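# Structural overview
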Amino acid sequence: MRYGEFSGLLYSELAKLYSPAISKEDDKQQLLVKYRLGLRTVGEITIAGIFPANHGINLLCTMLKNITIADKFVQGFLPVVVSLTKHLGEEVAGIALKKYLVYSQRYKLDFPKSELIPADSQAEVLFLLREYFQSQKTRLNLLHKEIKQMGAKNKHALQMKGEIPEDKREEFEKSQKNFDKISQSLTSLADLLDEEMPSFPDQQCTEEGTSSGFEVLFGMNKAGGSVDSSNLWMDEDARSFYESLPDLKASMPGILFDSNTRNSELPLPENISANEEDPAKLLQEIRESEDIDDSILEGTIKSEEDDTPTSPTDQTVCTTPTSVTTFDGFLTNLSNCINRQLIDTAATQFITNFNNKGNRKKLLSTLLRVPRNRLDLLSFYARLVGILAPCVPDIGPEIVHSLEREFYHHVRKKDQINIESKIKNVRFIGELTKFRICKKAQALKCLSILTHDFSYHHIEMACSLLENCGRFLYNSPDSQPRTKVLLDIMLRHKSTLHLDAHYNNMIENAFYYTVPSEQSKRVEKEICPLFQYIEKLLYKDMNKLNVEKILKQMRKLNWKDEDVFEFAVRALSRSWKVKYNNVLLLADLIGGLVAYQEEVGIRVVDNVLEEIRLGLEVNDPTMNQQRLSTVRFLGELYNYTLVEASIIFRTLYMFLNFGFSTSTENPSSLDPTDNYFRIRMICSLLETCGEYFDHGSNRKRLDNFFIFFQCYVWMKKRPLPILIEFSVTDMMESLRPDIVYYESYEDSHKAAVELESQFDKTLSNY
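Residues numbered from 1 in each chain as written. Predicted model: local features only at pLDDT ≥ 70, side-chain atom pairs only at ≥ 80, totals over all residues. Heavy atoms only, no water.

## A few points about the overall build of the chain
- A count of helical and extended segments in the chain gives 32 helices and zero strands.
- In the chain, which comprises 766 residues, the proportion classed as buried is 45%.
- The long-range fraction of contacts in the chain, counting pairs at least 24 apart against all pairs at least 6 apart in sequence, stands at 78%.
- Of the roughly 42300 Å² of accessible surface on the chain, 50% is carried by carbon and sulfur atoms. (Helix = DSSP H or I, 4+ residues; strand = E, 2+ residues; numbered from the N terminus. Buried < 20%, exposed > 50% of the residue type's maximum accessible area, 1.4 Å probe, protein only. Contact = heavy atoms within 4.5 Å. Areas by Shrake-Rupley, 256 points an atom, 1.4 Å probe, with all protein chains shown as cover.)

## Topic: unusual backbone geometry
- A cis geometry characterises the amide bond from R718 onward to P719, with omega recorded as 0 degrees.
- Within the chain, N418 stands out as a residue other than glycine whose phi angle is a positive 60 degrees.
- Despite not being glycine, Y456 shows a phi value in the positive range, around 50 degrees.
- Looking at Y456, the relative accessible area reads 52%, which means it is exposed.

## Brief notes about the pattern of salt bridges
- Across all of its chains, the model carries 16 salt bridges by this definition.
- Of the charged contacts, one joins D376 and R374 as a salt bridge, the two residues approaching to 3.1 Å between their closest N and O atoms.
- Residue classification places R374 among the partly exposed positions, given a relative accessible area of 25%.
- When the shortest N-O distance is used, the salt bridge between D671 and K716 registers 2.7 Å. With D671 in the loop between α28 (645-657) and α29 (677-689) and K716 in the loop between α30 (696-714) and α31 (722-735), this residue pair connects regions lying 45 residues apart in the sequence. An identical accessibility class is assigned to D671 and K716; each is buried. (Salt bridge = Lys/Arg side-chain N within 4 Å of Asp/Glu carboxyl O.)

## Points about the side chain of D344
- Along the chain, the position of D344 falls in helix α13 (residues 340-354).
- When its relative accessible area of 17% is taken as the criterion, D344 is described as buried.
- Leave out the neighbours within four places in its chain, and D344 touches P246, R383 and I387.

## Remarks on the environment of A15
- With respect to the helices and strands, A15 occurs in helix α1 (residues 6-18).
- The class for A15 is buried, based on a relative accessible area of 17%.
- Note: C-alpha distance between A15 and N58 (43 residues apart in sequence) is 9.8 Å.
- Contacts of A15, omitting those with residues within four sequence positions, involve P20 and L59.

## What about the packing of helix α4 (residues 78-92) against helix α7 (residues 166-193)?
- Axis separation between α4 and α7 bottoms out at 10 Å; the angle between their running directions is 25 degrees. The pairing of α4 with α7 is recorded here as roughly parallel in orientation. When the axes of α4 and α7 are compared, the crossing they make is left-handed. On α7, the residues that touch L78, P79, V82, T85 and K86 of α4 are I182, S185, L186, S188, L189, L192 and L193.
- Residue composition of the contact of α4 with α7, by class: eight nonpolar, three polar and one charged. (Axes fitted to C-alpha atoms, helices over the stretch in contact; angles between N-to-C directions. Parallel < 35°, antiparallel > 145°, perpendicular 65-115°, else oblique. Left-handed = near helix turned anticlockwise from the far one by under 90°. Nonpolar A, V, L, I, M, F, W, Y, C, P; charged D, E, K, R; others polar.)

## Side note on the packing of aromatic side chains
- Following the criterion strictly, the structure yields 25 aromatic pairs and no others.
- Relative to Y408, the ring of F407 lies with its centre 5.9 Å away and its plane at 65 degrees, an arrangement referred to as edge-to-face. Judged on exposure class, the residue F407 and its partner Y408 are both buried.
- A connected cluster of aromatic rings, assembled from ring pairs, spans W233, F241, Y242, F380, F435 and F472.
- The ring of Y596 carries the charged tip of R555 above its face, separated from the ring centre by 3.8 Å.
- Here the guanidinium or amino end of R718 rests over the ring plane of W714, the centre of that ring lying 3.8 Å away. (Phe/Tyr/Trp six-rings, centres within 6.5 Å; stacked < 30°, edge-to-face > 60°. Lys NZ or Arg CZ within 6 Å of the ring centre and 35° of its normal.)

## With respect to the packing of α1 against helix α2 (residues 28-48)
- Orientation of α1 relative to α2, taken along the N-to-C sense of each, is 150 degrees, at an axis distance of 12 Å. Classed by the angle they form, the pair α1 and α2 counts as roughly antiparallel. Crossing handedness for the pair α1 and α2: left-handed. For the pair α1 and α2, contact is made by L10, L14, L17 and Y18 and by K34, Y35, G38, V42 and I45, respectively.
- Grouping the amino acids of the contact of α1 with α2 by side-chain chemistry returns seven nonpolar, one polar and one charged.

## Quick word on the environment of Q134
- On the secondary structure map, Q134 appears in helix α6 (residues 119-161).
- For the pair formed by Q134 and M197, sequence separation is 63 residues and the distance between their alpha carbons is 9.9 Å.

## So, helix α24 (residues 562-573)
- Here α24 is 12 residues long and its end C-alpha atoms lie 17 Å apart, about the 16 Å a rise of 1.5 Å per residue gives.
- When α24 is considered as a whole, its buried residues turn out to be V564, F565, F567, A568, V569, A571, L572 and S573.
- Looking at the packing, one finds that the buried side of α24 touches α22 (529-541), α23 (547-555), α25 (583-594), α26 (598-618) and α27 (624-639).
- Of the residues flanking the start of α24, the one acting as N-cap is D561, its side-chain oxygen 3.1 Å from the backbone nitrogen of D563. (Expected span 1.5 Å × (residues − 1). Polar contact = N/O pair within 3.5 Å; in protein donor to acceptor, adjacent residues only side chain to side chain.)

## What to know about the nonpolar core
- Residues M554, L572, F706 and F709 are the most contacted members of the largest nonpolar core, which totals 78 residues.
- In this view, L572 contacts L538, M554, L586, L589, I590, L593, V600, V604 and F633; residues no more than four positions away in its chain are not counted.
- Among the nonpolar cores identified, the runner-up in size contains 75 residues, and W233, L248, C391 and M506 belong to it. (Core = buried A, V, L, I, M, F, W, Y, C linked by side-chain atoms within 4.5 Å.)

## Comments concerning a nonpolar patch on the surface
- A cluster of nonpolar residues, I722, L723 and F726, forms a patch on the protein surface that exposes about 340 Å² of accessible area.
- As for its position among the elements, L723 is in helix α31.
- On the accessibility criterion, L723 (66% relative accessible area) is exposed. (Patch = residues over 30% accessible without salt bridge, like charges linked within 9 Å, V, L, I, M, F, W, Y side chains within 5 Å.)

## Section: helix α14 (residues 357-368)
- Compared with an ideal rise of 1.5 Å per residue, which puts 12 residues at 16 Å, α14 spans 17 Å between its outermost C-alpha atoms and is within 8% of the ideal.
- Taken across its 12 residues, α14 has 10 buried, putting it largely inside the fold.
- Buried residues of α14: G358, N359, R360, K362, L363, L364, S365, T366, L367 and L368, and no others.

## A look at the confidence of the model for the chain
- Across the chain, pLDDT averages 82, with 83% of residues at or above 70.
- Segment residues 290-303: pLDDT under 50, and 31 contacts once partners within four positions in sequence are set aside and those in other chains are kept.
- In the predicted structure, residues 305-324 sits below a pLDDT of 50 and forms 16 contacts with residues beyond four places in sequence or in another chain. (pLDDT = per-residue confidence, 0-100.)

## A word on the environment of Y35
- Following the sequence through the fold, Y35 ends up in helix α2.
- As a C-alpha pair, Y35 and L64 span 29 residues in sequence and 9.4 Å in three-dimensional space.
- Apart from the residues lying within four places of it in its own chain, the contact partners of Y35 are Y18, P20, I22, M63, N66, I67, F77 and V80.

This is the structure in structure tokens:
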């Protein structure tokens, strides 16, 4: 052997390097690199036979003992041990991988074991590895208990104060990440050593869906109540307006976007803390701050007094006269963008033609100078900022920063003027919050300041902010706890302070808008597919072209089945569920069906007459459309010879007589003198079937009815509504062009008395 003494010299040098114990003063990063390389080097050299097996294993065990002892104060050796076990565990510790064990059991084979290292030496290394695993397992349990305690404290603070201090939040997140990292490495080591990992039941969510203290308490759990993110918006249109924004960055070339952007975190005025927990202290700092002076509102409050905005003059932009005029026209036209399409087009136009630093400053100034009487523009301007924010990242922080400074100015001044400007300011902050341009914490901080000094204009500002974005903040998981605390403070102020009724109503409206009362959901009764098919045929599919086809389908029903018969009759009787113009088709369908099922016509007519009678007894204005459709349906049934004329006239006289009172002292509640709906029903019924009363006895009966009808109309409160008067005139002229119109109640009443006397004489002759 040419270099026989090489192995001895190498071993002595490695022993000098790794045998001494690790001290606390050693650099952690250097130690990790040193032992990661050292363990692999000693292991590979020992396996290669350069060192005697007993010498190499002894050095390897010494290094593992040093790591186990040092890991109490120098943490981070776990990945080093995992790397050694993964790559050399089979040779130096006799570890059999799980996949080999599975294969051996499945195929009943014996895999050969490595014999490079004696078995007793492998057992010694395996013992040290398992000892290290147990120490790390104990450490993981202790870390879990610490995180659980921290989570409980944070949860208590979240419930009591509505927020978690920033340092506690960061400490919890850091511990959580450290736990996840150690748990992941220890799981790998447990798989290699065939050991069991500790179980942490609190890590799982309960069946009710509430998160444990182990989870990150902020922004992930439901913190203090049930939060349904689907309730962020009033309806689907609102959700689409605030969330469905066009992606200009994806649809336009990157050359249109300015890459020079500023830091999104703009500084607050001096002496004002960015994350102040105590609103009283923050309010005092705002009032004592000299950095917020009246000059910050030169572009806002003062400019609101003018109808036309002025461009800022503190920045000179080298543009041609044509481009200046064009951009000034763009800014002037912004006030006319009062729908989604116009404001989206304006955003595209700005990015395409006007996106430079000077124009962005002008645009920002224009957005901040919204006239105080044009609050309707705020939501569209906020949408404009939301569309431009991905392309121009500095526009969002700048406008939020300006609005915050203006808000602090109003708080510091504490005057009782410019309430419109104050309302505009908080509403703009609320709109930007819903577009996620303004952070929720910033909006809640403004609300906290207002609730601390809860008086006069601050009440109106707080209520306006809640009415604008309160529902969004309350239904967002990460902001609901603090919003609930601030709402409780507002209600306590309302109950303890002697406020005017105006302010009390304002606070209640803001509260119930933010936290709407829970209404029980309407449970619709499920019906069988056959009944659904019947409703679909009658209420959705029926038109002039398919009446015969639907009639054939209805004839195929099992009319001998009592349930089917009852449901079909009920469906055919509900004329108000079909389109008003299709009532004629429904009567046509029944007319054709009666030839095969005669009892259906009788039952439908009975149901219609009962429905008309019920409408007269209840006299509910919400049923007027239903009553009108039912009356027309009765007329169409007469046209298809399903009803006799006597029933029509009996119904007409029932409209005149049922519940009617001629006493002025005790008017009827069923037919007041200022209620004209019965006149509309009479006109609708006669317009439908009155043309067939033009000969024989029915003609005379209709003429007599018109005398009593005119008397009834004259007994109603005058003047008649113009639509009612035209309906009566048109109906009577179409049916009886030569009818006599009575000019007063006395004339109509005299004619009615004479007609009654004639009836009496006729009856006496019998």
